[in-house]
Amino acid sequence: MDSTVTTPGGRKPAVPHPVAEDAGRGVLRRLRSPRRPRLWFEILLIVVSYWTYSLIRNAVPEQKAEALRNADWIWRVEHQLGIAVEESVNHAVNSVTWLIVGMNYYYATLHFVVTLGVLIWLYRGHPGRYAATRLVLFATTGVALAGYYLFPLAPPRLMDGGVFIDTVRVHQTWGSMASGDLKNMSNQYAAMPSMHIGWSLWCGLTIFALATVPWARVLGALYPVATLVVIVATANHFWLDAVGGVLCLAFGFAVTALWYGSLPYALPRLVPAGGGPLLPSRA
């Protein structure tokens, strides 16, 4: 019911209050506010999101000829820039059997194990920052799909000429979804951008920004660096694939900053279980 106000000249109807508009703003404000994550929802979201990502990534046509041409182009550009050291690193590390075998398993496992571990740590220790930091990861991964579709790229180990060594095949280690017996389950020409770098840098920055133990912060800083060495030594990526991964991560942070109005690490660590005012941040 519209209210009225009394003026010296009599009664005039007041301007109707835009209830629907205020309600819409209220919903948006709640969606953009940090809240305590729900375990069942987060597990379901991660499983469905990764399944969808894998489905779309592997549904991108394996354009072998174009992917090989793009690989040759990337290799020429890196030579022109003076950063084409992948072949030297690949052959040098491959000559040390225990080291390259360890890197093969690193490539196959830590990409998932560390990322999931950081998500669990955020969920338990930083619930107020969890959703925003998770959004960075999801936006990073989502935009990477555009790269796989628009720029099919063969990894160095699949280039013509046998310049690079496929270390998984040579040393008969398991784990690479694009090598050996598992190669038919994954798109082998989706190397740009490198999500090994995108995800590992997300993990490293998150640990470095939020961990309070010095040695954990050091490990966080070293993790993406080690991952960069591994993806090159195993001939799964070029250096420039890593640059693509960094750009995707920057996009993820930009999306999150626009949505929440802040970088995720600046949000409060704790939020009340049933809503209400935010609790003070305690690093």
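Each remark here, short or long, concerns the structure printed above.
Report follows, based on the coordinates. Remember, it's a predicted structure, so these values are computed and weren't measured experimentally. (Residues numbered from 1 in each chain as written. Predicted model: local features only at pLDDT ≥ 70, side-chain atom pairs only at ≥ 80, totals over all residues. Heavy atoms only, no water.)

Below, the discussion takes up the packing of aromatic side chains. Under the defined criterion, the tally for this structure stands at seven aromatic pairs. Where Trp 73 meets Phe 151, the ring centres are 6.4 Å apart and the plane angle is 70°; that geometry is what we call edge-to-face. Within this pair, whereas Trp 73 is found in helix α3 (residues 64–81), its partner Phe 151 is found in the loop between α6 (127–150) and α7 (167–171), the two being separated by 78 residues in sequence. Of the residues examined, Trp 73 reaches a relative accessible area of 43% and is grouped as partly exposed. Here Trp 75 and Phe 164 contribute two aromatic rings whose centre-to-centre distance is 5.2 Å and whose plane-to-plane angle is 65°, an arrangement assigned as edge-to-face. In this pair, Trp 75 sits in helix α3 while Phe 164 sits in the loop between α6 and α7, placing the two residues 89 residues apart along the sequence. Aromatic rings pair up to connect Trp 75, Phe 164 and Phe 238 into one cluster. Positioned above the aromatic ring of Phe 138, the side-chain terminus of Arg 134 is 5.7 Å from the ring centre. A cation over a ring is seen here: Arg 217 above Phe 208, with NZ or CZ 4.1 Å from the ring centre. (Phe/Tyr/Trp six-rings, centres within 6.5 Å; stacked < 30°, edge-to-face > 60°. Helix = DSSP H or I, 4+ residues; strand = E, 2+ residues; numbered from the N terminus. Buried < 20%, exposed > 50% of the residue type's maximum accessible area, 1.4 Å probe, protein only. Lys NZ or Arg CZ within 6 Å of the ring centre and 35° of its normal.)

One broad trend across soluble globular proteins is that nonpolar side chains are buried collectively. Ranked by internal contacts, the top residues of the largest apolar core, which has 36 residues, are Tyr 148, Met 195 and Trp 202. If you list the elements that add at least two residues to this core, you get α5 (97–125), α6, α8 (195–210), α9 (214–233) and α10 (239–260). In terms of residue count, the dominant contributor to this core is α8 (eight residues). Setting aside anything within four residues of it in sequence, one finds Met 195 in contact with Tyr 53, His 111, Thr 140, Thr 141, Ala 144, Tyr 148, Ser 200, Gly 245 and Cys 248. Counting 17 residues, the second largest nonpolar core, distinct from the first, contains Val 77, Ala 84, Leu 153 and Ala 154. (Core = buried A, V, L, I, M, F, W, Y, C linked by side-chain atoms within 4.5 Å. Contact = heavy atoms within 4.5 Å.)

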